[in-house]
Amino acid sequence: LELSHGKYILFVDGDDLLAPNAIKSIFAKISENTPDIIAGSYVKFSGNTPTHSTQQTSQKFIKEVESANGSKALELLLKNSLFLPSMWANIFKRDLFITNSIYFNVNLSNNEDLDCAMRLYLKAKSIALLGESHYYYRKSRDGSATSVFKAARILDSLNFIRSLVGYINDFA
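Residues numbered from 1 in each chain as written. Predicted model: local features only at pLDDT ≥ 70, side-chain atom pairs only at ≥ 80, totals over all residues. Heavy atoms only, no water.

S.K.: An account of the overall build of the protein chain is needed here, citing residue identities and associated values.
M.R.: Looking only at helices and strands, the protein chain has six helices and seven strands in total. The order of helices and strands in the protein chain, counted from the N terminus, is β-β-α-β-β-α-α-β-α-α-β-β-α. In the protein chain, the proportion of contacts linking residues at least 24 apart, taken out of those at least 6 apart, comes to 81%. For the protein chain, the exposed surface amounts to about 10,000 Å²; the carbon and sulfur share of it is 53%. (Helix = DSSP H or I, 4+ residues; strand = E, 2+ residues; numbered from the N terminus. Contact = heavy atoms within 4.5 Å. Areas by Shrake-Rupley, 256 points an atom, 1.4 Å probe, with all protein chains shown as cover.)

S.K.: Residues and numbers for the nonpolar core, please.
M.R.: One finds Leu77, Leu120 and Ile127 to be the most contacted residues of the largest nonpolar core, which totals 27 residues. Where this core is concerned, the elements lending two or more residues are β3 (37-39), α2 (59-67), α3 (70-79), α4 (94-100), α5 (112-123) and β6 (127-129). Among the elements that line this core, the one with the most residues is α5, at six residues. When sequence neighbours within four positions are dropped, the list of residues in contact with leucine 120 reads Ile37, Met87, Phe92, Leu96, Phe97 and Ile102. Counting residues in each nonpolar core, the second largest holds seven residues, with Ile30, Ile38, Ala128 and Leu130 among its members. (Core = buried A, V, L, I, M, F, W, Y, C linked by side-chain atoms within 4.5 Å. Buried < 20%, exposed > 50% of the residue type's maximum accessible area, 1.4 Å probe, protein only.)

S.K.: I'd like to hear about unusual backbone geometry, residue by residue, with values.
M.R.: Here the phi dihedral of serine 81 falls at roughly 55°; this positive angle occurs in a residue that is not glycine. With respect to the secondary-structure elements, serine 81 resides in the loop between α3 and β5 (90-93). Judged by relative accessible area, serine 81 falls into the exposed class, the value being 64%. Its identity as a non-glycine residue notwithstanding, serine 101 has a phi of 50°, on the positive side. Assignment of secondary structure puts serine 101 in the loop between α4 and α5.

S.K.: Could you give an account of helix α1 (residues 22-33), with specific residues and numbers?
M.R.: Over its twelve residues, α1 runs 17 Å from end to end, which matches the ideal 16 Å to within 8%, given 1.5 Å per residue. All of the buried residues in α1 are Ala22, Ile26, Lys29 and Ile30. The arc enclosing the buried residues of α1, seen along the axis, measures out at 100°, which places them on a common side. Turned more than 90 degrees from where α1 packs its buried face, Lys24, Phe27, Ser31 and Glu32 sit exposed. Contacts made by the buried residues of α1 are with β1 (8-10), β2 (17-18), β3, α2, β5 and β6. (Expected span 1.5 Å × (residues − 1). Arc of directions from axis to C-beta.)

S.K.: So what's going on with the environment of glycine 6? Which residues, and what values?
M.R.: For glycine 6, the location among the structural elements is in the segment before β1. Measuring from C-alpha to C-alpha, the distance between glycine 6 and aspartate 95 comes to 9.6 Å, with 89 residues separating the pair along the chain.

S.K.: Please set out α5 residue by residue, giving values where relevant.
M.R.: Taking 1.5 Å per residue as the helical rise, α5 with its twelve residues ought to reach 16 Å, and the 17 Å between its terminal C-alpha atoms agrees with that figure. The set of residues buried in α5 consists of Leu114, Asp115, Cys116, Ala117, Met118, Arg119, Leu120, Tyr121 and Leu122.

S.K.: Tell me about the sheet that holds strand β4 (residues 42-45), residues and numbers included.
M.R.: Reading across from one edge, β2-β7-β4 is the order of the three strands in this open sheet, with mixed pairing throughout. For this open sheet the edge positions go to β2 and β4, each flanked by a neighbour on one side alone. Pairing of β2 with strand β7 (residues 135-138), which is carried by two bridges, proceeds in the antiparallel orientation. If you follow leucine 17 over to β7, its bridge partner there is tyrosine 136. (Pairing = 2+ DSSP bridges.)

S.K.: Help me get a handle on the pattern of salt bridges, residues and values and all.
M.R.: Here the structure, examined in full by the defined rule, presents five salt bridges. The salt bridge involving lysine 29 is made with glutamate 66; its shortest N-O contact spans 2.7 Å. Taken together, the residues span a long stretch of sequence, with lysine 29 in helix α1 and glutamate 66 in helix α2 at a distance of 37 residues. Looking at lysine 29, the relative accessible area reads 10%, which means it is buried. (Salt bridge = Lys/Arg side-chain N within 4 Å of Asp/Glu carboxyl O.)

As structure tokens, then:
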């Protein structure tokens, strides 16, 4: 993150894909109002070829989120089950990381992306919302971190939840 030079950072897991018009849609949002975070959505798929989703978020709701400040926008996303705290589900302004010294927690071997994304959301002043899915999330790939049960993953999840409660208490 410190070595990056772009204004925005987009994460893509090695086994996932971007939708055909993802970069164009993201660039359009950046051009509109340079938000701290662009919240996206995704389509789950198995195998090699995703099926494009035609599901779209209403323009009215998008305008409501984008006219709110960061915490109110986060509240709207949470209330409408549209908050996706994975790094790959969002596009982040690089300065949000650097200015707030927010990086991945090296003490977590799982949920480090959720932990980092939540801290970024809590610091964001503006959030934009993509109207359609920009990301294709491959599920149930043999050997993926989420397909193998490990007790350490449960402990990391509990540590993440403790951290999350702390972040929310500090923010409130």
